[in-house]
Amino acid sequence: DPLPPGETSSIDVTVLVGPDAFPSVSNTATVSTETPESTDPDELPDTATDVVEVPPQADLAITKTHEGDFTVGETGEFAITVTNNGPTPDPGPITVTDRVPVGITPVRAVGPGWDCDIRGQQVTCVDADGLAVDETSEITLTVDVFAEAVPSVRNSASVSSPAEDTDPSNDS
């Protein structure tokens, strides 16, 4: 139907936002009429654009492994691996925390892109750059092993970031 002069009309459009929309999407609408453009009094473009920020959604997963036996009086190493399973990149910062149990004491934590800090039994590593989809990054945690570790210790680490995590079940 014709739109009378001075009146407005709106159309609501609902869309499904896919991972390719991250970090933002621009949508332009155009209006046209059968009335010749020469009669358009304002001669402004008959388009409007809206830019929508799309936050990241990343499934960060973490694994923690070690090889061989730990021996009292020696050091042992854990490999902490963080993976971004997508669907979008995680822009970071990504934080790994590890509260090391009594019986082992953290002495060193290093990994490419990670800034690690050890305070007592608490290890905190931050990767400010984040991870692309399907990218992994590893931290090597070296610990001193003491008699209190016998017969075994249970140690876990967790990962977090400001991005919405689509599967929190694999965050520790």
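As shown above, the structure is provided for reference.
In this text, all values refer to a predicted model and were calculated from it rather than measured experimentally.

Definitions and cut-offs
- Residues numbered from 1 in each chain as written.
- Predicted model: local features only at pLDDT ≥ 70, side-chain atom pairs only at ≥ 80, totals over all residues.
- Heavy atoms only, no water.
- Helix = DSSP H or I, 4+ residues; strand = E, 2+ residues; numbered from the N terminus.
- Buried < 20%, exposed > 50% of the residue type's maximum accessible area, 1.4 Å probe, protein only.
- Pairing = 2+ DSSP bridges.
- Axes fitted to C-alpha atoms, helices over the stretch in contact; angles between N-to-C directions.
- Salt bridge = Lys/Arg side-chain N within 4 Å of Asp/Glu carboxyl O.

Trainee: Which residues make up the environment of Leu-16, and what values do they have?
Mentor: Summarising the element assignment, Leu-16 is placed in the segment before strand 1 (24-30). Residue Leu-16 is classed as exposed on the basis of its relative accessible area of 85%. Residues Leu-16 and Ser-156, spaced 140 residues apart in sequence, show a C-alpha to C-alpha distance of 37 Å.

Trainee: Explain the sheet that holds strand 6 (residues 104-110) to me, using residue names and the numbers behind them.
Mentor: Taken together, the 4 strands give an open sheet; going across it, the order is 3-4-9-6, and neighbouring strands pair in antiparallel fashion. Each having just a single partner strand, strand 3 (58-66) and strand 6 make up the two edges of the open sheet. Here the strands of the sheet are splayed against their neighbours by 25° on average, with no regard to which way each runs. Relative to strand 9 (residues 136-145), strand 6 is paired through 6 bridges, and the arrangement is antiparallel. Opposite Val-110, over in strand 9, you have Thr-140 as the bridge partner.

Trainee: Help me get a handle on the pattern of salt bridges, residues and values and all.
Mentor: Tallying each qualifying case throughout the model produces 2 salt bridges. With its nearest N and O atoms 2.6 Å apart, the salt bridge here joins Asp-117 to Arg-119. Residue Arg-119 is classed as exposed on the basis of its relative accessible area, which comes to 62%.

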